[in-house]
Amino acid sequence: MIYLKTAEEIELMRESNQLVSKTHAEIAKYIEVGISTLEIDRIAHEFLNDHGAVPGFLNYNGFPNSVCISVNDVVVHGIPNDYRLQDGDIVSIDIGAYKNGMHGDSCYTFEIGNVDENVRKLLRVTRESLYKGIEKAIAGNRIGDIGHAVQKHAESFGYGVVRELVGHGIGRDLHESPEVPNYGRQGTGPKLDTGMCIAVEPMITLGKRFIKQDDDGWTIRTADHKPAAHFEHTMAITNGKADILSDFSIIDETLKLNQK
Ligand code: MG
Ligand code: MG
C-alpha cells in the first residue's frame, strides 16, 4: 500500500527534512580530524531535541544511537563509538528526524582533511547518481526508471551499486512502500504519482558491490573493504514534479565557511 500525501502533509515532511539538513549543517561546523563519532551523535541528538524532533533512528528496531555514522568501508548503519576521525577518512552521516507526526531522512558523506582523489570522485559520482535518479522521479514514470538512472551513472565509472539495501517510501512511518532500489529496468515497478514521498539513497562502492554485516548486527561493510559513499534525499512528487524536501546546499555552505 502506497500512501499518497496531501499538500499539507508534504509541507510537514518538508519541515522534518529541512531539520535533518540543518542538523547536518550543525555537524559540519564541528566535523574534523580528532572528533569521535559518538561526539557527532551527541551534537545531532541535542540539535534535534532542541528543535522539537525525536531522532528518527533512535531505538528503531533497537538501534542504540541517534544517527548512523559510517566511516570508509562501512556502507550504512554504523554505530557511533569512540573512534576518532582521521585525515583522509570519509564519513556518511545518516540522520532521521520525527516531528509533527512525519519523518525526515537524509544522508550526506563528509570528507575529512585530505581525501584521496579516487575517493573524492566516488563521492562526486554518488551524489550525481542521486540527482540522476531524482530527475526520473516524476508522475507517470516508474520506480524502475529511478534505479536504472542511478545504476547507469554509477556503473559507467566502474563503481559497485549495493543491491541488498534500498530507498523507500516515507511519511508517518520511516519505511513505507514502495521500495526504491538503486538498480533496475526502465518502465518497470510501481507507477509514480503526485503525493508520493520517497527516500532515494544510492550506496555506491569503489570496488565490488558485495557487502557483509559485522557481529554487532548493524554495521554493513563492503566485503572487499574498499570505501563506500551514501547520499540520500527525501523527496515528494508535487504537481507531477520531483520536489526535494531535504537540502544539501546549507551543508555545502557551512563546509565552505570552515575552509576560510
Ligand atoms: Mg537515511
Ligand atoms: Mg532512508
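Above this note sits the structure.
Read on for a plain summary of the structure. (Residues numbered from 1 in each chain as written. Chains lettered and ligands numbered in written order. Predicted model: local features only at pLDDT ≥ 70, side-chain atom pairs only at ≥ 80, totals over all residues. Heavy atoms only, no water.)

## Concerning the pairing of strand E14 (residues 233-238)
Burial analysis of E14 places five of its six residues in the buried class, which makes it a mostly covered element. Of the strand pairs in this sheet, strand E9 (residues 197-200) and E14 are connected by four bridges, and their pairing is antiparallel. Paired with Ile198 across the strands is Met235, a residue of E14. One ladder, built from four bridges, connects E14 with strand E15 (residues 241-244); its direction is antiparallel. The partner of Ile237 across the bridge, within E15, is Ala242. (Buried < 20%, exposed > 50% of the residue type's maximum accessible area, 1.4 Å probe, protein only. Helix = DSSP H or I, 4+ residues; strand = E, 2+ residues; numbered from the N terminus. Pairing = 2+ DSSP bridges.)

## Looking at the environment of Thr205
Along the chain, the position of Thr205 falls in strand E10 (residues 203-205). For Thr205, the contacting residues outside a window of four places in its chain are Leu122, Tyr159, Gly160, Val162, Thr222, Pro227 and Ala228. Among the polar contacts made by the side chain of Thr205, one reaches the main-chain carbonyl oxygen of Gly207 at a distance of 3.2 Å. A distance of 2.9 Å separates a polar atom in the side chain of Thr205 from the backbone oxygen of Lys208. (Contact = heavy atoms within 4.5 Å. Polar contact = N/O pair within 3.5 Å; in protein donor to acceptor, adjacent residues only side chain to side chain.)

## Observations regarding helix H4 (residues 143-155)
With 13 residues, H4 ought to run about 18 Å at 1.5 Å a step, and its terminal C-alpha atoms sit 19 Å apart, in line with that. Taken across its 13 residues, H4 has ten buried, putting it largely inside the fold. Along H4, the positions that sit buried rather than exposed are Ile143, Gly144, Asp145, Ile146, Gly147, Ala149, Val150, Gln151, His153 and Ala154. In the core, the buried residues of H4 are packed alongside helix H3 (117-135), strand E6 (160-161), strand E8 (176-180), E9 and E10. (Expected span 1.5 Å × (residues − 1).)

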